[in-house]
Amino acid sequence: MPFGNTHNQMKLKYASDQEYPDLSQHNNHMAKILTPAMYERLRSKQTPSGFTLDDVIQTGVDNPGHPFIMTVGCVAGDEETYEVFKELLDPVIEDRHGGYKPTDKHKTDLNPDNLKGGDDLDSNYVLSSRVRTGRSVRGFCLPPHCSRGERRGVEKLSVEALAALSGDLKGKYYALKNMTEAEQQQLIDDHFLFDKPVSPLLLASGMARDWPDARGIWHNDNKTFLVWVNEEDHLRVISMQKGGNMKEVFNRFCTGLTKIESLFKDRGHAFMWNEHLGYVLTCPSNLGTGLRAGVHVKLPNMSKHAKFEEVLKRLRLQKRGTGGVDTAAVGGVFDISNADRLGFSEVELVQMVVDGIKLLVEMEKRLEKGQSIDDLMPAQK
Amino acid sequence: MSAVMKRPVGRRNSAVCVRPPVTNQKRRPRVQAANGDRGLGIKALVHHLAELGNPYIWWTGSDPGICYLFLFSLAGGVRIAAMAKNCHNDYKMKFSVDDEYPDLSLHNNHMAKVLTKDIYNKLRGKSTPSGFTVDDVIQTGVDNPGHPFIMTVGCVAGDEESYEVFKDLLDPIISDRHGGYKPTDKHRTDLNFENLKGGDDLDPNYVLSSRVRTGRSIKGFTLPPHNSRGERRAIQNLSIEALASLDGEFKGKYYPLDGMTDAEQEQLIADHFLFDKPVSPLLTCAGMARDWPDARGIWHNDNKSFLVWVNEEDHLRVISMQKGGNMKEVFRRFCVGLQKIEEIFKKHNHGFMWNEHLGYILTCPSNLGTGLRGGVHVKLPKLSTHAKFEEILTRLRLQKRGTGGVDTASVGGVFDISNADRLGSSEVEQVQLVVDGVKLMVEMEKKLEKGESIDGMIPAQK
């Protein structure tokens, strides 16, 4: 890869302080953690596939960050990155994931029966429900680092595995590089199509190389279950539908994911997972469950309430505009989802969304009638 | 040094690197172990071999896992050392060539025209001493399929050795791009401005400004697609030292991109000197914008007629310019300044990359040879609308651009006219073509103004 990482040995002849990046203008997790001494200790290391410290941090060096948004500023190139560069990544993970310690264990729970309720969110307020996560396929390097051969290997496995799905999960794969105009238009209309990344956060880490080779979209005939192949992660899995039946969305999510995982295992490629970090993904912010479960919900009164932010925080939820991260809300409709990824199981996170949304809708109804919501204020979860 | 008497295994595609002994190496060479301990760099090894007396080095780049150096010593015998190379490239070798060969079916650039699966297969196991691989060379061309009308190069060099190790790919591209230049051809360098005839009398009523630019790469460092922060900073330091020692008409000041004041920035923009982080995906996909703006900067003389860019697309870009049509003066200052700078770099044992086949070595194969673009902004409202304008330019070996640079449109009939060639002719020859060609075109413009024909003036193909 043309990122100066292919000659780590040669770079060692320069002193560490000559190679240490200038992070004086930077505001991201990596810049807060990476001291010159740490850089010196880690600079000579590399993972078995050749990913180096400079590879891990390149995106954070090239993107100083924003005074209000704290980006992560580093990526993994393979599963071993989290081990070889733990000295840097453990503190970044701790900072990002609410004090998660190097000795902590993460719980995985993809049993949808463990979710209580969630099938009765008021559809007058909850317009749509969605759960997404990412998965990495063991044995391959991650998007910042993988070669064309590896990416095609991931695609091939994915196409095979997804083709074996049946029933309401039966579907079709659309490779980005040879879809017809008609197919492309339909995918755009369905809000399924993803395009080449334009964010410098992603470009600087090398994830857009060789675009659109081996990238594609699979979805079931019902258009309720969707898989992105080789975008930011090997796989992004999405379950969604209109209305407030989060239980059904989560049901389908778990069933589909579990099926896919066993299909991959049958072919000798499990998903990357360990008991400390849960599911291993490209960006440290997505470790653990990699799960973002959310709804589009109408909260015109609640969102103007002085305590809105406080309520979200206590419920461990976050808001976004309906265009996704960093967009503004339109018509009082917000995207509300879980804030956590690591340290809680999938069921626990979706439960927080279900319970939290139920409460927020109740509050909205109170405010509509001009009543107070003070007695409804939740404790910190 | 322990010699590893081991037979090479696997295929052996050899790239010959014959290097003179490095005699000023301060580093103590470390022992190279048979298990591929990566503690030994080529420079240290060469230094150690110098002690054996005039070694020749034969370096192979294709064996999976290990790179073998065959060291022939005049003192007698052969030693073979093993050095583990770019391990991610080795990791990729477990995939077949079909798996790794890029899909170039929609592509229209020089690289895509030349790179067959066979050539890719031949080159994929190789790596330059600094670890640049064929995938690194071609990444920008894979990521940027090109344009139906503009033929981009689609590949870059990561270091001086790229042009040798990947010659199977780069020689045909160079031939294609530089008018049939053969692998055996020799390039002439002529920076003696006195050899330029005329050029001091281009009519300033038509020729608004004159400019000559080129690039230079500093030996001993890898190139912008590949270099590390340490290397880039070292280049900056060397450049600042060299430029600070210039005096007279070349006395000037350096402005690092990450340390300039708002006022300085405004002034540099107003002077049209400031360069910014590349946005062209042709450059960003090749990795040239990494760590921006670290170790990037602009130097110019007090007279604002001589300008050096540090660590943009090339290690150095050197520009001489002024208003009006005195190309002779611009070229004089260009040659004198360049040679002064080169002397200083040489003194620090970091001369410019140059060889007698490719001339000056630059990042993009399109800039090999002289790397020179000598041009003027000239008013040709009538000639530019003449049916034979393109034909005349072709015969004069010139090219036109808008006044905003490559890919811009001309405004008010003012064109940027410059030499089309870079490799296979000298600096003097290329600037001579510009001087003579522009002189002729201004005469043609004047004729057309008077309503006269220019048919008798159409030049022969140069």
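Criteria and cut-off values
Residues numbered from 1 in each chain as written. Chains lettered and ligands numbered in written order. Predicted model: local features only at pLDDT ≥ 70, side-chain atom pairs only at ≥ 80, totals over all residues. Heavy atoms only, no water. UniProt positions renumbered as here; feature names shortened; annotations may be inferred. Salt bridge = Lys/Arg side-chain N within 4 Å of Asp/Glu carboxyl O. Helix = DSSP H or I, 4+ residues; strand = E, 2+ residues; numbered from the N terminus. Buried < 20%, exposed > 50% of the residue type's maximum accessible area, 1.4 Å probe, protein only. Arc of directions from axis to C-beta. Core = buried A, V, L, I, M, F, W, Y, C linked by side-chain atoms within 4.5 Å. Contact = heavy atoms within 4.5 Å. Domains from an automatic or database assignment. Buried area = accessible area lost by both parts, 1.4 Å probe. Polar contact = N/O pair within 3.5 Å; in protein donor to acceptor, adjacent residues only side chain to side chain. 1 Å grid on protein atoms, 1.4 Å probe; cavity = no way out; pocket = protein on both sides within 12 Å on 5 of 7 lines; lining within 4 Å. Points joined across faces, edges and corners; volume = space filled by probe spheres on them. Nonpolar A, V, L, I, M, F, W, Y, C, P; charged D, E, K, R; others polar. Phe/Tyr/Trp six-rings, centres within 6.5 Å; stacked < 30°, edge-to-face > 60°. Lys NZ or Arg CZ within 6 Å of the ring centre and 35° of its normal.

An unreviewed UniProt entry lists chain B under the name creatine kinase, from Parambassis ranga. Under the UniProt heading Sequence similarities (unreviewed entry), the entry covering chain B gives this text: "Belongs to the ATP:guanido phosphotransferase family."

As named in an unreviewed UniProt entry, chain A is creatine kinase, taken from Parambassis ranga. According to the UniProt record, the Catalytic activity (unreviewed entry) comment for chain A reads "creatine + ATP = N-phosphocreatine + ADP + H(+)". Looking at the Sequence similarities (unreviewed entry) heading of the UniProt record, one finds this comment for chain A: "Belongs to the ATP:guanido phosphotransferase family."

Attention now goes to the pattern of salt bridges. For the structure on display, the rule yields 53 salt bridges over all chains. Close ionic contact of Glu79(A) with Arg138(A) constitutes a salt bridge, the shortest N to O distance being 2.7 Å. Separated by 59 residues along the polypeptide, Glu79(A) in the loop between α5 (53-62) and α6 (81-84) and Arg138(A) in the loop between β1 (126-135) and α8 (148-163) bring together distant segments of the chain. In this structure Arg138(A) comes out as partly exposed when scored by relative accessible area, which is 33%. Close ionic contact of Asp90(A) with Lys86(A) constitutes a salt bridge, the shortest N to O distance being 3.1 Å. Remark: Lys86(A) and Asp90(A) occur in helix α7 (residues 86-96); sequence separation between them is four residues, near one turn of the helix. By relative accessible area, Asp90(A) is classed as buried at 12%. In the salt-bridge network here, residues are joined through shared partners; they are Lys11(A), Asp54(A), Arg229(B), Arg232(B) and Asp291(B).

In this section: helix α13 (residues 389-396) of chain B. Residues of α13(B) that are buried include every one of Phe389(B), Ile392(B), Leu393(B) and Leu396(B), and no others. Along the axis of α13(B), the buried positions cluster into a sector of 100°, meaning they face one direction only.

Further remarks concern the nonpolar core. By size, the foremost hydrophobic cluster in this structure holds 61 residues, and its most contacted members are Val227(A), Met246(A), Val297(A), Met302(A), Ile336(A), Ile357(A) and Leu360(A). In terms of residue count, helix α13 (residues 346-368) of chain A provides more of this core than any other element does, 12 residues in total. Apart from residues lying up to four places away in sequence, Met302(A) is in contact with Phe308(A), Val311(A), Leu360(A), Met363(A), Glu364(A), Leu367(A) and Ile373(A). Membership of the second largest hydrophobic core comes to 59 residues, among which are Ala234(B), Leu246(B), Cys335(B) and Val442(B).

Further remarks concern the domain arrangement of chain A. Residue and element names in this part refer to chain A. Segmentation of chain A into domains returns domain 1 (5-97) and domain 2 (112-376). Here the C-alpha centre of domain 2 lies 28 Å away from the C-alpha centre of domain 1. Counting from both sides, the interface comprises 22 residues of domain 1 and, opposite them, 24 residues of domain 2. Summed over both partners, the interface of domain 1 with domain 2 buries about 1,800 Å², with 66% contributed by carbon and sulfur atoms. Counting the surface domain 1 buries against domain 2, the share from its top three residues, Glu79, Tyr82 and His97, is 34%. Along the contact surface separating domain 1 from domain 2 lie eight residue pairs in polar contact (both at pLDDT 80 or more). Sorting the residues of the side of domain 1 that touches domain 2 by element identifies α5 and α7 as the ones contributing at least two each.

Here the structure, examined in full by the defined rule, presents five cavities of 30 Å³ or more. Empty space within the second largest cavity amounts to approximately 60 Å³. Taken together, 10 residues line the second largest cavity, and the ones lying closest to its centre are Ser147(A), Arg148(A), Arg209(A), Asp135(B) and Gln139(B). Taken together, the residues of the lining of the second largest cavity sort by class into two nonpolar, two polar and six charged.

Below, the discussion takes up the domain arrangement of chain B. All names here are of chain B. Considered domain by domain, chain B is made up of domain 1 (87-178) and domain 2 (193-450). Contacts between domain 1 and domain 2 engage 22 residues on the former and 24 residues on the latter. Taken over both partners, the interface formed by domain 1 and domain 2 buries close to 1,800 Å², and the fraction arising from carbon and sulfur atoms is 65%. Looking only at domain 1, the three residues that lose the most surface to domain 2 are Glu160, Tyr163 and His178, adding up to 34% of its buried area. Along the contact surface separating domain 1 from domain 2 lie one salt bridge. Going through the elements one at a time, α6 (134-143) and α8 (167-177) are the ones with two or more residues in the side of domain 1 that touches domain 2. Sorting elements by how many residues they give to the side of domain 1 that touches domain 2 places α8 first, with four residues. Its residues placed into classes, the side of domain 1 that touches domain 2 shows nine nonpolar, eight polar and five charged.

What follows covers the packing of aromatic side chains. By the definition in use, this model includes 15 aromatic pairs over all chains. Considering the side-chain rings of Phe275(B) and Trp292(B), the 6.0 Å spacing of their centres and the 80° angle between planes classify their relative orientation as edge-to-face. Separated by 17 residues along the polypeptide, Phe275(B) in the loop between α10 (262-270) and α11 (281-284) and Trp292(B) in the loop between α11 and β7 (297-301) bring together distant segments of the chain. Each member of the pair, Phe275(B) as well as Trp292(B), is classed as buried. Plain terms: the ring middles of Phe389(B) and Phe415(B) are 5.7 Å apart, the flat faces sit at 70° to each other, and that makes the pair edge-to-face. On the criterion of sequence distance, the pair formed by Phe389(B) in helix α13 and Phe415(B) in strand β14 (residues 414-419) is long-range, its members being 26 residues apart. The exposure class of Phe415(B) is buried, given its relative accessible area of 10%. Between the NZ or CZ atom of Arg135(A) and the centre of the ring of Tyr279(A), over which it lies, the distance is 3.4 Å. Taking NZ or CZ as reference, Lys94(B) lies 4.1 Å from the ring centre of Tyr91(B), over its face.

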